[in-house]
Amino acid sequence: MNTRNNVVLITGGSSGIGLALTKKFLSEDNQVIIIGRSVPKLEAVKRQFPKAIIEAADITDEKSIAMLAAKYQDVNVLVNNAGVHNECSFKNGIEDFSKLRNEIETNFIAPVMMAEKFIPLLAGHERAAIINITSYFGISPKPSAPIYSATKAAMRSFTKSLRMQLMDTHIRVFDVAPPITDTPLTANSNPNVKKMNPEELVEIVWENLKKDKYD
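Residues numbered from 1 in each chain as written. Predicted model: local features only at pLDDT ≥ 70, side-chain atom pairs only at ≥ 80, totals over all residues. Heavy atoms only, no water.

A. Fine view of the packing of helix H1 (residues 16-27) against helix H6 (residues 198-210). At their nearest, the axes of H1 and H6 sit 9 Å apart, and the two run at 55 degrees to each other. The angle between H1 and H6 places the two elements in the oblique class. The way H1 lies across H6 gives a crossing that is right-handed. Contact with H1, carried on its side by Gly-16, Ile-17, Ala-20, Leu-21, Lys-23, Lys-24 and Phe-25, involves Pro-198, Glu-199, Leu-201, Val-202, Glu-203 and Trp-206 of H6 and no other residues of that element. Looking at the contact of H1 with H6 residue by residue, the class counts come to eight nonpolar, one polar and four charged. (Axes fitted to C-alpha atoms, helices over the stretch in contact; angles between N-to-C directions. Helix = DSSP H or I, 4+ residues; strand = E, 2+ residues; numbered from the N terminus. Parallel < 35°, antiparallel > 145°, perpendicular 65-115°, else oblique. Left-handed = near helix turned anticlockwise from the far one by under 90°. Contact = heavy atoms within 4.5 Å. Nonpolar A, V, L, I, M, F, W, Y, C, P; charged D, E, K, R; others polar.)

Dropping the structure here:
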């Protein structure tokens, strides 16, 4: 993958891995559009990185995704990064299933819809890519976060299928499965667990993107 001079759209780009990717893409002469729900967080990124384009949108809403695709037709790299992490116990019962439903919609349904809406645009470019940020927990599930783990396993499977479907196009499809990374998503995790720095993760990702290492 060519990592320079792209138009990149990153969901969840205002914090964590998404923000680290935003910084890296901007430093390599890419135009970057970051999508998030929190306007204050987006505005904070804009102050830090004036060249970034910010857009507040709910990616679990199909109409919002269609709006993004219509507005940003020059995008040739789509990064599905936004995610929600909840811990729950089925043994003890689920008090609020709406949180789990939102987790499924954000982690799996939203990136599937993003891919569906943006693939026709990506197909019009001589070089294009979809980068899905999954998780090591999609490989080895986290017992206390069964829904998060299941959505990431689903994303890994979807990514592989999508890669095969698009083999005869210019669209490359990458699966990035990070270990536990120091982001707001893991802020309440076990303090004794060692976490990877987001910038360190992105440097590893970057070298593998350039080598077209898809997993």
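B. Main features of the packing of helix H3 (residues 62-71) against helix H4 (residues 97-122). The contact between H3 and H4 brings their axes to 10 Å, and the two run at 30 degrees. Between H3 and H4, the crossing angle belongs to the class labelled roughly parallel. Our pair here, H3 against H4, has a crossing hand that is right-handed. Here Glu-62, Ile-65, Ala-66, Leu-68 and Ala-69 of H3 come into contact with H4, specifically with Ala-110, Met-113, Met-114, Lys-117, Phe-118 and Leu-121. Residues that form the contact of H3 with H4 fall into these classes: nine nonpolar, no polar and two charged.

C. Looking closely at the pattern of salt bridges. Counted under the stated rule, the structure contains 14 salt bridges. Across the salt bridge formed by Arg-4 and Glu-28, the nearest N and O atoms sit 2.5 Å from each other. Of this pair, Arg-4 sits in the segment before strand E1 (7-11) while Glu-28 sits in the loop between H1 and strand E2 (31-36), and the two are 24 residues apart along the sequence. Look at Arg-4 and you get partly exposed, because its relative accessible area is 35%. The closest approach of N and O atoms between Asp-29 and Arg-4, which form a salt bridge, is 2.5 Å. Within this pair, whereas Asp-29 is found in the loop between H1 and E2, its partner Arg-4 is found in the segment before E1, the two being separated by 25 residues in sequence. Relative accessible area serves as the criterion here: at 47%, Asp-29 is assigned to the partly exposed category. Each of Arg-4, Glu-28 and Asp-29 takes part in a single network of salt bridges with overlapping partners. (Salt bridge = Lys/Arg side-chain N within 4 Å of Asp/Glu carboxyl O. Buried < 20%, exposed > 50% of the residue type's maximum accessible area, 1.4 Å probe, protein only.)

Function cannot be read off these values alone, since they describe shape.
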